[in-house]
Amino acid sequence: IDLFSIDVRALATLRIGLGVLIILDLINRSRHLTMHYTDAGILPREVLIEKPIYNFFISIHLFSGELIFQIALFLIAGIFASMLILGYKTKLSVIISWILLISLQTRNPMVGQGGDILFRMLLFWAIFLPMDKAAWSIDSKTKNRESFGKKIFSVGCIGLFLQVIYVYIFSFFSKTGIEYL
């Protein structure tokens, strides 16, 4: 069990890092918000709904193709990412952040890249991590749970470690050519 335990400070660093990455991703994507996420852009909603690329994801961003709606969703995602950074209502903020990230990525899959999949998987595993017990968070201060050096174990810890291992294993097996051996 100790092999899969995570120090509360490392958990806090992960929480803060995920929140910062969400905000940076939103800033980067907002540069082309009209072009990539509205009906006035390169992929109007009716085209994506008619021939969906992902049949198993539901995108909240498809509810409206108006710019103001997309701006509102970006701002909401930014608020929940900020809550994640601060460690305030951590469980709720990580779940909503994950849902909004999937929604954003599936609204226009043509602007995605391989790192997006890993990003949403890390957020997925963060749902099962006891982030509210992590150091440097408002949740841990209000619940008197702060304990530096303490290690935490959960199913999410196993999933997170395995996810990192899978990245390397599947990267190795997906390589082709003699130069990779």
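About the thresholds
Residues numbered from 1 in each chain as written. Predicted model: local features only at pLDDT ≥ 70, side-chain atom pairs only at ≥ 80, totals over all residues. Heavy atoms only, no water. Salt bridge = Lys/Arg side-chain N within 4 Å of Asp/Glu carboxyl O. Helix = DSSP H or I, 4+ residues; strand = E, 2+ residues; numbered from the N terminus. pLDDT = per-residue confidence, 0-100. Core = buried A, V, L, I, M, F, W, Y, C linked by side-chain atoms within 4.5 Å. Buried < 20%, exposed > 50% of the residue type's maximum accessible area, 1.4 Å probe, protein only. Contact = heavy atoms within 4.5 Å. Axes fitted to C-alpha atoms, helices over the stretch in contact; angles between N-to-C directions. Left-handed = near helix turned anticlockwise from the far one by under 90°. Nonpolar A, V, L, I, M, F, W, Y, C, P; charged D, E, K, R; others polar. Expected span 1.5 Å × (residues − 1). Phe/Tyr/Trp six-rings, centres within 6.5 Å; stacked < 30°, edge-to-face > 60°. Parallel < 35°, antiparallel > 145°, perpendicular 65-115°, else oblique.

1. Let's talk about the pattern of salt bridges
If the charged atoms of two oppositely charged side chains come close together, the side chains can form a pair.
Step number 1: The tally for this structure, following the rule as stated, stands at five salt bridges.
Step number 2: Arg9 is the salt-bridge partner of Asp7, the closest N and O atoms lying 2.9 Å from each other.
Step number 3: Across the salt bridge formed by Asp25 and Arg29, the nearest N and O atoms sit 3.0 Å from each other. Of this pair, Asp25 and Arg29 both sit in helix α1 (residues 8–30), four residues apart, roughly one helical turn.
Step number 4: Members of the salt-bridge network, linked through shared partners, are Asp25, Arg29 and Asp116.

2. Some details on the confidence of the model for the protein
Step number 1: Mean pLDDT over the protein: 86, with 91% of residues reaching 70 or higher.
Step number 2: Element-level pLDDT for the protein is lowest in helix α7 (residues 138–142), with a mean of 77, against a maximum mean of 96 in helix α4 (residues 67–86).

3. Let's talk about the nonpolar core
Step number 1: Residues Leu11, Leu18, Ile22, Leu123 and Leu129 are the most contacted members of the largest nonpolar core, which totals 30 residues.
Step number 2: Counting residues per element, the ones that place at least two in this core are α1, α2 (33–37), α4, α5 (90–107), α6 (114–127) and α8 (155–174).
Step number 3: Ranked by residues supplied to this core, first place goes to α1 with six residues.
Step number 4: The contacts of Leu123, once residues within four sequence positions are left out, are Leu18, Ile22, Leu84, Val94, Ser97, Trp98 and Leu101.

4. What about the packing of α1 against α5?
Step number 1: Contact pair α1 / α5: the axes reach a minimum separation of 12 Å and the direction vectors enclose 30°. You can see that α1 and α5 cross each other, and the crossing is left-handed. Contacts between α1 and α5 involve Arg15, Ile22, Asp25, Leu26 and Arg29 from the former and Thr90, Ser97, Leu101, Leu104 and Gln105 from the latter.
Step number 2: Counted by class, the contact of α1 with α5 contains four nonpolar, three polar and three charged residues.

5. Considerations on unusual backbone geometry
Step number 1: Its identity as a non-glycine residue notwithstanding, Lys89 has a phi of 50°, on the positive side.
Step number 2: In this fold, Lys89 is placed in the loop between α4 and α5.
Step number 3: Exposure remark for Lys89: the relative accessible area of 44% places this residue in the partly exposed category.

6. Regarding the side chain of Thr38
Step number 1: Tracing the backbone through its elements, the reader meets Thr38 in the loop between α2 and α3 (45–50).
Step number 2: Thr38 sits in the buried class, given a relative accessible area of 3%.
Step number 3: Dropping the residues within four chain positions of it, Thr38 is found in contact with Leu33, Leu43, Gly65, Glu66, Leu67, Gln70 and Arg107.

7. Quick look at α8
Step number 1: Its 20 residues give α8 an end-to-end C-alpha distance of 28 Å, which sits within 8% of 28 Å, the value for a rise of 1.5 Å per residue.
Step number 2: Those residues of α8 that are buried are in contact with β1 (6–7), α1, α6 and β2 (151–152).

8. What to know about the packing of aromatic side chains
Step number 1: For the structure shown, the criterion picks out seven aromatic pairs.
Step number 2: Members of the aromatic cluster, each reached through a chain of ring pairs, are Trp98, Phe124, Trp125 and Phe128.

9. As for the packing of α5 against α6
Step number 1: In the contact formed by α5 and α6, the axes pass within 9 Å of each other and the chain directions differ by 155°. In terms of their interaxial angle, α5 and α6 are classed as roughly antiparallel. The chirality of how α5 crosses α6 is left-handed. Of the residues in α6, those touching α5 at Lys91, Val94, Ile95, Ser97, Trp98, Leu101, Ile102 and Gln105 are Asp116, Phe119, Arg120, Leu123, Phe124, Ala126 and Ile127.
Step number 2: Taken together, the residues of the contact of α5 with α6 sort by class into 10 nonpolar, two polar and three charged.

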